[in-house]
Structures are given as structure tokens and as C-alpha cells.
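Summary of the model geometry
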Amino acid sequence: VQLVESGGGLVQPGGSLRLSCVASGLTFSRYDMSWYRQAPGKERELVAAIRSAGGSTNYADSVKGRFTISRDNTKNTVYLQMNSLKPEDTAVYYCNADLFVLKYWGQGTQVTVSS
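Because the structure is a prediction, the values reported are computed rather than measured.

The next subject is the environment of R66. The residue R66 is located in the loop between β6 (57–59) and β7 (67–72) in this model. For R66, a relative accessible area of 9% gives the class buried. On a C-alpha basis, the gap between R66 and S84 in space is 6.1 Å, while along the polypeptide they are 18 residues apart. Contacts of R66, omitting those with residues within four sequence positions, involve Q81, M82, N83, S84, L85, K86 and D89. A distance of 2.9 Å separates the side chain of R66 from the backbone oxygen of S62, its partner in a polar contact.

Right, dumping it as C-alpha cells:
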């Protein structure tokens, strides 16, 4: 199983980024998919999640109204559209695939919000 994130980078406050995570080696449509982030000196935290069936979503309060998670099961890909970025969004963002006791992580992509 492999999860490969991309789309991170340096962006000014108020800007946007779109993260992608391509999964391989698993039946993607069966997995709940999530984005987590970890800032320096802080614990990893859930940012957004999307269920396998029905596509219901949930978000951390800190990103509600600014971030949108989506998935394309035909491309084995989950996305995180991030708008109105703030310096406190700076972190390494990780993709997670979850099916009961099976959990997989990507290697992470750095997002830096700074002027």
C-alpha cells in the first residue's frame, strides 16, 4: 500500500493550495480517507475526513468554512482544497486511509503559510 501526497508549498496568508493524495495497493473506495497535520512541537491532529460510503465529511473547527475534502474513487485520489490560509495552518499534512484495523499513512507534504 502506498499513499503519495503532493501539492504542498509556500503560500502567503489568504492564499490557497490544493493537496492531493494518490493511493495504490488497496481498494480505495472501501477506505475512509482523512487529512491530518502536524506542526512543529505539536501533536498530529485531524483536519478533515471523508467516509467511504456516501462521502459524508467532517472537519476540525479551525478549518471549517475554509477547507474542503473530496475524493475521486475513479482516480484513487483524495483532495484537500485549502482557502483563506493562515500562518497557523503551517504544518506537514498527511494523508490517511482507514478501514477497520487497517490504517495507512503517506509521507507528508509541507505547507508553509508566510508573507
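Looking now at the state of the cysteines. What the rule picks out here adds up to 1 disulfide. One disulfide bridge connects C21 with C95, the sulfur atoms lying 2.1 Å from each other. What sets the handedness of the C21 and C95 disulfide is the S-S torsion sign, and at about -80° it is left-handed. Here the residue C21 occupies a position in strand β3 (residues 17–24), and C95 occupies one in strand β9 (residues 91–99), the gap between them amounting to 74 residues. What makes C21 buried here is its relative accessible area of 0%. We classify C95 as buried; its relative accessible area is 0%.

Rules and cut-offs
- Residues numbered from 1 in each chain as written.
- Predicted model: local features only at pLDDT ≥ 70, side-chain atom pairs only at ≥ 80, totals over all residues.
- Heavy atoms only, no water.
- Helix = DSSP H or I, 4+ residues; strand = E, 2+ residues; numbered from the N terminus.
- Buried < 20%, exposed > 50% of the residue type's maximum accessible area, 1.4 Å probe, protein only.
- Contact = heavy atoms within 4.5 Å.
- Polar contact = N/O pair within 3.5 Å; in protein donor to acceptor, adjacent residues only side chain to side chain.
- Disulfide = S-S within 2.5 Å.

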